Amino acid sequence: MKIAKTRKEVIDWTTNQVVGFVPTMGALHDGHLHLVRTSKERGLFTVVSIFVNPTQFNDANDFEKYPVNHHRDIEALLSSGCDLVFIPSVDEVYRSTDDPNKYKHDFGAIERVYEGAQRPGHFEGVGRVVHILFDIVKPNVAFFGEKDFQQLAVIRALVSLCKMEMEIVGVPTVREKSGLAMSSRNERLSPTQRDKAVLIFNSLSWAKSQFGKMSNSEICHEVAKRFEADLEWNLEYIDLIDGDTFESAQDGSMNIRAVIAAKLGEIRLIDNMKITA
Ligand code: PAF
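Residues numbered from 1 in each chain as written. Predicted model: local features only at pLDDT ≥ 70, side-chain atom pairs only at ≥ 80, totals over all residues. Heavy atoms only, no water.

The subject of this paragraph is the sheet that holds strand E6 (residues 167-171). The sheet built from six strands is open, its strands ordered E1-E4-E3-E2-E5-E6 with parallel pairing. In this open sheet, the two strands that pair with only one neighbour each are strand E1 (2-4) and E6. Strand-to-strand twist across the sheet, computed as the mean angle between neighbouring axes with direction ignored, equals 25°. Pairing of strand E5 (residues 141-145) with E6 involves five bridges; the strand directions are parallel. (Pairing = 2+ DSSP bridges. Helix = DSSP H or I, 4+ residues; strand = E, 2+ residues; numbered from the N terminus. Axes fitted to C-alpha atoms, helices over the stretch in contact; angles between N-to-C directions.)

As C-alpha cells, then:
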C-alpha cells in the first residue's frame, strides 16, 4: 500500500488505473473497511483519503475532539486491501491558487433540512471538499456509507450538478451486534453511553414496526418521549421522510426512511432506516 501526502503523488500513482475511491475523515472502523472491501471486490485500484475537513464542522469543539490516529488507520487499511492512502495537509487540499467559486455549490432544499438545518454550512463544506478530492483522485467509482444518508444525496447532487462521469455507490450501514451504527464518534462514548446509544437503533426499528399501524406523527411523538425520559439525551429530530425529496413522508410517498439525530451528552449521533422500498 502506498501512502501519498501530495496531490502529485496521487496523480502519479493513479494514472492508468480504474479507481475506486473511499473518502474518509479517519478514525476508521469496520464500516469504512467494508467500503474498501466493496471497492476491491469490484477489482478497482482502491484509494482511501484521510482528511478531517475543517470546513464541514459548524461546531469548533466537535472538530477539535474528532478522533485522529493515523498509525492505527494505516494498520487497518494494510489488512483491508487498500492500494493507496492519501493523507493531505489542510494547505494541500485548500490551495490559495484555486478558484474558490469552483467548489462552492448550492444543493437546494436538501442541504437545508435535517442535518443541514442542525449544522448550518455543513453540506457546503462536504460538497467543497469532496469536489476537490474528486478532482485530485479522479475516481471511476466512489463509495459512501448509507449511515450518512443525506450526505449521500448531496454527493449524488454534486455529481449530477457538475456532470461528473463517475458512479456513486451507497453502501448499507454496518452495525455493531447491538444494532448501533458504526461511527468514528462512537469512540468517544463511555461504556454506559455505548449501552444507552442503542436507543437510536431500537427507536428506528420500532418506528419501522409501527409504520402503517399508527400515524407518522404519532410514531415520532412516541419516539421523542423515549428520549425525553433520559436527561442525558437531547433529541434533535426524528422523522419519517421521503428519501428522494427529504420532505416529511406523505400518503403515497415511496422510498420512506426514518431519520434521527440526537446528542448523548456531548456526542452527536445520527442514523436512519429504510421503512419502505
Ligand atoms: O463522511 C465523511 O467522513 C466526510 O463527510 C467526507 C465524505 C469524508 C468528507 O469530508
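Past the structure itself, the notes keep going.
Residue placement: Glu111 occurs in the loop between helix H5 (90-93) and helix H6 (115-118). For the buried Glu111, which has no salt bridge, the nearest side chain bearing the opposite charge is Arg112, at an N-O separation of 4.3 Å. In terms of polar contacts, Glu111 uses its side chain to reach the backbone amide nitrogen of Phe107, at 2.6 Å. Among residues more than four places away in sequence, those in contact with Glu111 are His105, Asp106, Gly116, Phe123 and Glu124. (Buried < 20%, exposed > 50% of the residue type's maximum accessible area, 1.4 Å probe, protein only. Lys, Arg positive; Asp, Glu negative; His and termini not counted. Salt bridge = Lys/Arg side-chain N within 4 Å of Asp/Glu carboxyl O. Polar contact = N/O pair within 3.5 Å; in protein donor to acceptor, adjacent residues only side chain to side chain. Contact = heavy atoms within 4.5 Å.)

Another point: the nonpolar core. Within the largest apolar cluster, 40 residues are counted, with the highest numbers of intra-cluster contacts made by Val130, Phe134, Phe144 and Ile168. Contributions of two or more residues to this core are made by strand E2 (19-24), strand E3 (45-50), strand E4 (84-86), helix H7 (122-137), E5, helix H8 (149-161), strand E7 (233-242) and strand E8 (256-264). Here this core gets nine residues from one element, more than from any other, and that element is H7. Phe144 has contacts with Pro23, Leu35, Val130, Phe134, Gln151, Leu152, Ile155, Ile168, Val169, Gly170 and Val171, leaving out every residue within four places of it along the chain. One finds Leu180, Leu199, Leu240 and Ile267 within the second-largest nonpolar core, a separate group that totals 24 residues. (Core = buried A, V, L, I, M, F, W, Y, C linked by side-chain atoms within 4.5 Å.)

For the ligand, the full set of nearby residues is Pro23, Thr24, Met25, Asn53, Gln56, Val129, Val130, Phe144 and Gln151. Residue Gln56 places a side-chain N or O atom 2.6 Å away from an oxygen atom belonging to the ligand. Gln151 places a polar side-chain atom, nitrogen or oxygen, 2.6 Å from an oxygen atom of the ligand. Relative to its unbound accessible surface of 290 Å², the ligand loses 89% to contact with the protein. Sorting the residues of the shell around the ligand by element identifies E2 and H7 as the ones contributing at least two each. Class assignment of the residues belonging to the shell around the ligand gives a composition of five nonpolar, four polar and no charged. (Near = heavy atom within 4 Å. Areas by Shrake-Rupley, 256 points an atom, 1.4 Å probe, with all protein chains shown as cover. Nonpolar A, V, L, I, M, F, W, Y, C, P; charged D, E, K, R; others polar.)

Here we take up the environment of Ile3. Mapped onto the elements, Ile3 comes out in strand E1. In contact with Ile3, other than residues within four places in its own chain, are Trp13, Ile74, Leu84, Val85 and Ile87.

The next thing to look at is unusual backbone geometry. A positive phi angle, close to 45°, is found at Tyr114, a residue other than glycine. Non-glycine residue Phe246 carries a positive phi angle of around 60°. Looking at where Phe246 falls in the secondary structure, it is placed in the loop between E7 and E8.

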